[in-house]
Amino acid sequence: MIDLSNNQVIAVCYYKDGSSKRHQVNDDFSNRRMVIADFFKAVQALANLLLKFPKHPFGISAFAVVNVSEELADGLQMIEKSD
């Protein structure tokens, strides 16, 4: 599970045995209006975060799903809303 919020990316990996590992990376990719204001810094932060987890012993590729749920301080302008 990956949580992306204001200048912070947190990931938790849940294992079949019930254990879990949690890592966090902070970087300057957000601003007051946008969770991802600098796309390339956000991508680098996410890559740095995923590299903190151990490689799978069978070489199977991992996958990540990101859900951006940060509320903006002033809400959304009409131009930013999509229905």
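The structure presented is a predicted model; accordingly, all values stated were derived computationally and were not measured.

Cut-offs applied
Residues numbered from 1 in each chain as written. Predicted model: local features only at pLDDT ≥ 70, side-chain atom pairs only at ≥ 80, totals over all residues. Heavy atoms only, no water. Helix = DSSP H or I, 4+ residues; strand = E, 2+ residues; numbered from the N terminus. Buried < 20%, exposed > 50% of the residue type's maximum accessible area, 1.4 Å probe, protein only. Contact = heavy atoms within 4.5 Å. Areas by Shrake-Rupley, 256 points an atom, 1.4 Å probe, with all protein chains shown as cover. Phe/Tyr/Trp six-rings, centres within 6.5 Å; stacked < 30°, edge-to-face > 60°. Expected span 1.5 Å × (residues − 1). Arc of directions from axis to C-beta. Polar contact = N/O pair within 3.5 Å; in protein donor to acceptor, adjacent residues only side chain to side chain.

**Student:** Explain the overall build of the protein chain to me, please; I cannot follow it from the model alone.
**Tutor:** What the protein chain contains, in helices and strands, is one helix and four strands. Walking the protein chain from its N terminus toward its C terminus, one meets helices and strands in the order β-β-β-α-β. For the protein chain, with 83 residues in total, the buried portion stands at 19%. A fraction of 47% describes how many contacts in the protein chain between residues 6 or more apart in sequence connect residues 24 or more apart. Within the structure as shown, the protein chain displays about 6600 Å² of accessible surface, and the carbon and sulfur contribution to it stands at 56%.

**Student:** Before we go on, may I ask you to explain the environment of Asn6 in this structure?
**Tutor:** Secondary-structure assignment places Asn6 in the loop between strand E1 (2-5) and strand E2 (8-14). Relative accessible area serves as the criterion here: at 45%, Asn6 is assigned to the partly exposed category.

**Student:** Just checking my understanding: could you explain the packing of aromatic side chains for this structure?
**Tutor:** Two aromatic rings are characterised by how far apart their centres lie and by the angle between their planes. All chains considered together, the criterion is met by one aromatic pair. Measuring from centroid to centroid gives 5.7 Å for Phe39 and Phe40, while their planes differ by 75 degrees, and the two rings are edge-to-face. Taking relative accessible area as the criterion, Phe40 reaches 66% and is therefore assigned exposed.

**Student:** Mind showing me how you'd approach the environment of Ile2 here?
**Tutor:** Structurally, Ile2 can be placed in strand E1. Looking at Ile2, the relative accessible area reads 9%, which means it is buried. Sequence separation of Ile2 and Leu50 is 48 residues, and the distance between their C-alpha atoms is 9.6 Å.

**Student:** Sorry if this is basic, but what is going on with helix H1 (residues 39-51) here?
**Tutor:** Quick reminder: α-helices carry 3.6 residues per turn. Residues three or four places apart thus point the same way. With 13 residues, H1 ought to run about 18 Å at 1.5 Å a step, and its terminal C-alpha atoms sit 18 Å apart, in line with that. All of the buried residues along H1 are Ala42, Ala45 and Leu49. When H1 is viewed along its axis, its buried side chains cluster within an angular range of 60 degrees and face the same direction. The exposed set on the far side of H1, more than 90 degrees from its buried face, consists of Phe39, Phe40 and Leu51. Residues of H1 that are buried sit in contact with E2 and strand E3 (20-26). Put simply, Asp38 is the residue that caps the front of H1, since its side-chain oxygen is 3.3 Å from the backbone nitrogen of Phe40.

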